[in-house]
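What follows is the residue order along each chain.
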Amino acid sequence: MMRMISSYTSRLTIGSRHEGLQMTTPEATIAEVRTDVRRFLAEELAAASFRPTCDSWIQGHSVAFSRKLGDRGWLGMTWPQRYGGGGHSARERFTVIEELLAAGAPVAAHWIADRQTGPLLLRAGTEQQKRTFLPAIARGRLFIAAGMSEPDSGSDLASVRTRAVPTATGWRVSGRKVWTSHAHRSHYLLALVRTAAPDGDRHAGLSQMLIKLDSPGVAVRPIEVMTGESHFTEVTLDDVDVPNGMVVGRVGDGWRGVMSELAHERSGPERYLSTFPLLAELVSGGTVDGETALADIGSATARLWALRSLSLRVQDLLERGSPTDTAAALVKDLGTRLEGDIINITRRASQRGPGRADHGALPGLLRAAQLAAPSFTLRGGTNEILRGLVARGLGARDA
Ligand SMILES: Cc1cc2nc3c(=O)[nH]c(=O)nc-3n(C[C@H](O)[C@H](O)[C@H](O)COP(=O)(O)OP(=O)(O)OC[C@H]3O[C@@H](n4cnc5c(N)ncnc54)[C@H](O)[C@@H]3O)c2cc1C
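Residues numbered from 1 in each chain as written. Predicted model: local features only at pLDDT ≥ 70, side-chain atom pairs only at ≥ 80, totals over all residues. Heavy atoms only, no water.

Asker: Help me get a handle on the side chain of Asp 333, residues and values and all.
Answerer: Along the polypeptide, Asp 333 turns up in helix α11 (residues 325-351). In terms of polar contacts, Asp 333 uses its side chain to reach the side chain of Arg 337, at 2.9 Å. Once residues within four sequence positions are removed from consideration, Asp 333 is found in contact with Asn 383, Leu 386 and Arg 387. (Helix = DSSP H or I, 4+ residues; strand = E, 2+ residues; numbered from the N terminus. Polar contact = N/O pair within 3.5 Å; in protein donor to acceptor, adjacent residues only side chain to side chain. Contact = heavy atoms within 4.5 Å.)

Structure follows, in structure tokens:
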């Protein structure tokens, strides 16, 4: 039984077959990409360049590692080559990131720029912005933080109060952003700001602009979390001058930009693989015994596989430019619940009798995962809000 679960769990990272999805990338290509990433990760682990962690796309910040990924062409993978991208399929990118996350590799430095800012710039940026920012992001040399949330604007994002007023050359921005991941280690902040009064439509009059984080008037204060780390920050903007060329998309059209970012933000493998290194370590120890523990692991593995299928489907829709809000919200709601359940399963297994699991890296991974867990269902939109979106998408709710 244990062997069966172990091989089933390893299929999560080995398997490349996916039924029901329009396959545009040959299986042989996917297998080749997977082998390359695994070889790279094995070399990096052998060289002790990183230690696997849970939640490595938030907690695992390494400029050197991001640069290595950039040098190998594993950032900006789907972007056109003329902007420094790789011109690869979404499926190839998915393969690379699920391998990196499953291994608990430190990918936080470039995560936001690669996942959401780049795609936004491709869709709505000016030619100048694409040529300036995309190649540097794809090389792992330019990191961008997401400046959406404010002290009184999280779930209700349209209520942001950071204001930008026009000047002769652009905009003067004042306000406060909070929970801004890695702003103290990034080069730019992509900020959602109010450029005009809402005039009846709360989503109107918002704009997005790229603000250089070393500009006069910008102060970034790291916020310490329970682990003792400071992965997010508070950013104060005090009369910061932003040139016109840094507005992304049309002035007043910021809400649309943010929504397109959120679809990328909510649907990827990071929304169900944050605690995968824990599950893999639990199984690899081979000491887990007893019907309950085995049933728990089997059930978590089946849920992972189903979520992976849904996430792949959303990537496919995103690539085609089709609406994905409901499915993306579903991936994040179900995925983050599973991430928490994996912690509970491991905790139970490590408390049980003679065959109890407490080998190798397991206790350390479990401790860190438990401390990170409260954020899983908050960041990127809380689960309550996401369920509202799903209900609306299914026609079960009007507003
Ligand atoms: C680890 C981490 C990293 C983050 N990184 C970033 C980042 O890089 N950039 C960024 O901009 N933000 C970031 N955030 C912020 C995150 O997006 C917000 O925390 C989130 O949107 C919730 O907003 P809030 O914290 O203001 O909570 P609130 O909106 O105040 O919600 C508090 C509680 O009330 C519930 N609630 C609120 N409104 C409703 C409603 N209408 N119906 C039912 N329940 C409701 C919520 O579900 C929640 O449980 C990060 C957060 C975390 C934890």
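Asker: Describe the UniProt feature "domain: Acyl-CoA oxidase/dehydrogenase middle" (unreviewed entry) in the chain, listing the residues and the values that go with them.
Answerer: Those residues carrying the UniProt feature "domain: Acyl-CoA oxidase/dehydrogenase middle" (unreviewed entry) are residues 145-240 in this numbering. Here residues 145-240 is 0% helix and 50% strand, with 17 Å between the C-alpha atoms at its ends. (UniProt positions renumbered as here; feature names shortened; annotations may be inferred.)

Asker: An account of the site of the ligand is needed here, citing residue identities and associated values.
Answerer: Close contacts around the ligand come from 17 residues, with Ala 146, Ser 155, Trp 179, Thr 382 and Glu 384 the closest. Within the side chain of Ser 181, one N or O atom sits 2.9 Å away from a nitrogen atom of the ligand. The contact in question runs from an oxygen atom of the ligand to an N or O atom on the side chain of Thr 382, over 2.6 Å. In isolation the ligand has 980 Å² of accessible area, and contact with the protein removes 64% of it. Among the secondary structure elements, those contributing two or more residues to the shell around the ligand are β3 (170-181) and α13 (383-393). (Near = heavy atom within 4 Å. Areas by Shrake-Rupley, 256 points an atom, 1.4 Å probe, with all protein chains shown as cover.)

Asker: Just give me the short version of the pairing of β3, but keep the residues and values in it.
Answerer: Pairing geometry for strand β2 (residues 163-166) and β3, over 4 bridges, is antiparallel. Bridging from a neighbouring strand, Val 165 pairs with Arg 172 of β3. The turn linking β2 back onto β3 is made up of 3 residues. Sheet analysis places β3 next to strand β7 (residues 232-243), joined by 10 bridges and oriented antiparallel. Of the residues in β7, the one forming a bridge with Val 178 is Glu 234. (Pairing = 2+ DSSP bridges.)

Asker: Can you break down the pattern of salt bridges residue by residue, with the values?
Answerer: Between side chains of opposite charge, a pair can form when the charged atoms approach closely. Applying the stated rule across the entire model yields 27 salt bridges. When the shortest N-O distance is used, the salt bridge between Glu 234 and Arg 221 registers 3.0 Å. You can see Glu 234 sitting in strand β7 and its partner Arg 221 sitting in strand β6 (residues 218-223), a full 13 residues away along the chain. Exposure remark for Arg 221: the relative accessible area of 46% places this residue in the partly exposed category. In this structure, Arg 250 engages Asp 253 in a salt bridge whose closest nitrogen and oxygen atoms are separated by 3.8 Å. (Salt bridge = Lys/Arg side-chain N within 4 Å of Asp/Glu carboxyl O. Buried < 20%, exposed > 50% of the residue type's maximum accessible area, 1.4 Å probe, protein only.)

Asker: Break down the domain arrangement of the chain for me, with residues and values.
Answerer: One frequent convention defines the size of an interface as the accessible area lost when the parts assemble. You can read the domains of the chain as domain 1 (17-142), domain 2 (145-252) and domain 3 (256-393). Each side of the interface is counted separately: domain 1 has 27 residues, and domain 3 has 31 residues. Summing the contributions of domain 1 and of domain 3, the shared interface buries around 2,500 Å²; its carbon and sulfur component is 60%. Interface area lost by domain 1 to domain 3 is led by Cys 54, Phe 94 and Arg 115, which between them contribute 24%. (Domains from an automatic or database assignment. Buried area = accessible area lost by both parts, 1.4 Å probe.)

Asker: Quick rundown of the pairing of strand β5 (residues 206-212)? Include the residues and the values.
Answerer: Within β5, 6 of the 7 residues are buried, which leaves the element mostly enclosed by the surrounding structure. The pairing of strand β4 (residues 188-194) with β5 spans 7 bridges and is antiparallel. Within β5, the residue paired with Ala 191 across the bridge is Met 209. Where β5 and strand β8 (residues 247-248) come together, 2 bridges link them in antiparallel fashion.

Asker: Talk me through the packing of helix α8 (residues 254-267) against α11; I want residue IDs and the actual numbers.
Answerer: Where α8 meets α11, the axes come as close as 8 Å, and the angle between the chain directions of the two elements is 35°. The way α8 lies across α11 gives a crossing that is left-handed. Seen from α8, the contacting residues are Ala 263, Arg 266 and Ser 267; seen from α11, they are Ala 328, Val 331 and Lys 332. Of the residues assigned to the contact of α8 with α11, the class counts are 3 nonpolar, 1 polar and 2 charged. (Axes fitted to C-alpha atoms, helices over the stretch in contact; angles between N-to-C directions. Left-handed = near helix turned anticlockwise from the far one by under 90°. Nonpolar A, V, L, I, M, F, W, Y, C, P; charged D, E, K, R; others polar.)

Asker: Can you tell me about the nonpolar core, naming the residues and giving the values?
Answerer: Core analysis: the biggest nonpolar cluster contains 54 residues, and Leu 41, Phe 65, Leu 69, Leu 100, Val 107 and Leu 278 have the highest contact counts within it. Elements with a contribution of two residues or more to this core: α2 (27-46), α3 (56-59), α4 (63-71), α5 (90-102), α9 (276-284), α10 (291-320), α11 and α12 (362-372). Leaving out residues up to four positions away in the same chain, Leu 100 has contacts with Val 37, Leu 41, Phe 65, Leu 69, Ala 105 and Val 107. One finds Ala 136, Leu 142, Val 173 and Val 242 within the second-largest nonpolar core, a separate group that totals 34 residues. (Core = buried A, V, L, I, M, F, W, Y, C linked by side-chain atoms within 4.5 Å.)

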